[in-house]
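Breakdown of the fold
Each chain, letter by letter, is given below.
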Amino acid sequence: MNTNLYINGEFKETPNKQDVINPSTGEVIAKVSIAENAEVEYAIKSARNSIDYGLWGKLSLDERKNFILKISQGILDHAAELASLESLNTGKPIKETTFMDIPSSAAAFEYFANNLEKYLVKESIEINSSIAKAQGNLIREPQGVVVLIVPWNYPLLIASWKMAQALAAGNAVILKPSSLTPLTALILAKIVNDAGLPAGAVNILNADGDTVGKTLCSDKRVDMVSFTGSNAVGKKIMEYASSNVKKLIMELGGKSAGIVFKDADLESAVNGCLCSIFLNQGQMCTAMSRIFVQDEIYDNFINNFSAKAARIKLGKPEDFETQMGPLMSRPQLEKVISYVQKAKAQGAKIVCGGKAPDGASLKQGFFFEPTVLTQVLPSMAIFREEVFGPVVCITKFSAIEEVIKLANASDFALAASIWTKDSTKAQHLAAQINAGTVWINTYGMFFNELPYGGFKQSGFGKELGKEGFLEYTRLKNVITDKTQDSKPLVNYWYGF
Ligand code: NAD
């Protein structure tokens, strides 16, 4: 496979190589080129050039659309390879990469290619007031050079969301995958190259964030940074970007709440809540790591939920029967263990899980059992901080006002899910919950048509939908005087 960087339409090998680890065995699976600041400089120059002087900036919308559709098709043509590589590199069960990550990545390119013309429609506004007559033409232009920095939990999917929107809007991009999970981004480089995009339109740099982040995010030639990742790194990027005032999108962490009312369909709520915390080993920004259950059904819910959680099948990610793989890395596993141990020491009760699995075949990997905690207090770190693992706190509530307070007692505000048969109550609650996305009787549905993004410490800006797409554009207002039979006011102002 390609293990090199992709800059200015060429693959570039670097003398230094970085190991890529398989989290289910701890073994090295690849050695890939790693960018330093010289490669960042080259990538910025080539992206800038492709926008200002190159072919990419001059294409018609139709030509642009066709290139992006070729990327979508390229992903589908490489779907099996991408699914198994993503699974190998992240530890995600292959069932998830095959049916979610890879087809959704292709669908993002297809959707934004097919809708760019609709979203880029020009608007014309007539001004006809007593002091002026004018016409304003509102024009959507690309931002220019956009840096896309993505995390390791959905490497290809989040890269594809960002790249599809940015390219469809006409930008040149520099994609920086997480250095833990560069493999599918490097295949994407090959797909882009095979699609024949003009040189410099797409640059893909595997790199360590702290080594290249400052150069990448503060350079004057970069117009925008679209970041998905942790709160701590997001704050660093905001600092770098402030030196030259850049447009930013920040998709950061979460501590989302699932709320289950006594009138919910219990089976559907239990099964949905299991997915909402255990898919991808709980390494989801929108993980419902706090579940609130109404007191009348609390015991029943806990019994059902923990019995099913204990049945989730841990195993090798490449096995289609596997329902949960390893966590991404040893530090991630250690972080999860330390949160659980601390919560236990503070009085939380472990209802199921709470440790690495016993099976000898999983011992070398970074596995951790699906874990259910009760008796968690809102003051505990496990209730307030993002654990990013298969660990859920389940808490009892009685009144709707109480659950609104509990759910909103978080610095984050990314997502929530509500389980009830009463749609009026659900809509009322959705309006009161601090979250950018609220799911009712479902979880985790992302649509290319609908915007997604958080509030508060979960960040700002949207991805997907018209609103997400337009983030990657800048709005120009061209005003033409339309004063009939006379001259505009500025003509007379000084009386000359
Ligand atoms: P992370 O913040 O450690 O890394 C994200 C990216 O930033 C990586 O590519 C990394 O190399 C890069 N990076 C690190 N230091 C940098 C620096 N100084 N300058 C520039 N870039 C730098 O996040 P992670 O551990 O990869 O992912 C997990 C986090 O991502 C969680 O907090 C999760 O909630 C968040 N996340 C959020 C969303 C969302 O949509 N809100 C989606 C997925 C993940």
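Here we summarise the structure given alongside this text. (Residues numbered from 1 in each chain as written. Predicted model: local features only at pLDDT ≥ 70, side-chain atom pairs only at ≥ 80, totals over all residues. Heavy atoms only, no water.)

**Remarks on the environment of L186**
Within the secondary structure layout, L186 lies in helix α6 (residues 183–195). For L186, a relative accessible area of 0% gives the class buried. Sequence spacing of L186 and F388 is 202 residues, and the spatial spacing of their C-alpha atoms is 25 Å. With near-sequence residues (within four places) excluded, L186 lies in contact with M1, N2, T3, N4 and V32. (Helix = DSSP H or I, 4+ residues; strand = E, 2+ residues; numbered from the N terminus. Buried < 20%, exposed > 50% of the residue type's maximum accessible area, 1.4 Å probe, protein only. Contact = heavy atoms within 4.5 Å.)

**Quick notes on the site of the ligand**
Taken together, 28 residues surround the ligand, and among them V150, D210, S230, L252 and E386 come closest. In this structure, a nitrogen atom belonging to the ligand sits 2.8 Å away from a side-chain N or O atom of D210. In the environment of the ligand, an oxygen atom lies 2.5 Å from a nitrogen or oxygen atom belonging to the side chain of E386. Protein contact buries 90% of the 850 Å² of open area that the ligand shows by itself. Among the secondary structure elements, those contributing two or more residues to the shell around the ligand are α7 (209–218), β10 (224–228) and α8 (231–242). Considering each element in turn, the shell around the ligand owes the most residues, four residues, to α8. Residue classes in the shell around the ligand are distributed as 15 nonpolar, eight polar and five charged. (Near = heavy atom within 4 Å. Polar contact = N/O pair within 3.5 Å; in protein donor to acceptor, adjacent residues only side chain to side chain. Areas by Shrake-Rupley, 256 points an atom, 1.4 Å probe, with all protein chains shown as cover. Nonpolar A, V, L, I, M, F, W, Y, C, P; charged D, E, K, R; others polar.)

**Quick word on the nonpolar core**
Formed by 121 residues in total, the largest nonpolar core has its most connected members in M163 and F305. Residues from two domains meet in this core; each of domain 1 (5–252 + 458–478) and domain 2 (257–440) gives at least three. Aside from chain neighbours lying at most four places away, what touches M163 is F109, L148, V173, L175, L188, V192, V202 and I204. One finds A343, F366, C393 and A416 within the second-largest nonpolar core, a separate group that totals 35 residues. (Core = buried A, V, L, I, M, F, W, Y, C linked by side-chain atoms within 4.5 Å. Domains from an automatic or database assignment.)

**Focus on the packing of aromatic side chains**
Scanning the entire structure with this criterion turns up 17 aromatic pairs. Judged by centre distance (5.5 Å) and plane angle (90°), the ring pair of F261 and F397 falls under edge-to-face. Within this pair, whereas F261 is found in the loop between β12 (257–260) and α9 (266–278), its partner F397 is found in strand β16 (residues 391–397), the two being separated by 136 residues in sequence. Pair check on accessibility: F261 and F397 agree, each one buried. A ring pair is formed by W439 and Y443, whose centres lie 5.0 Å apart and whose planes are at 65°; its orientation type is edge-to-face. Accessibility expressed as a relative area gives 5% for W439, which makes it buried. A connected cluster of aromatic rings, assembled from ring pairs, spans W161, W439, Y443, F446 and Y452. (Phe/Tyr/Trp six-rings, centres within 6.5 Å; stacked < 30°, edge-to-face > 60°.)

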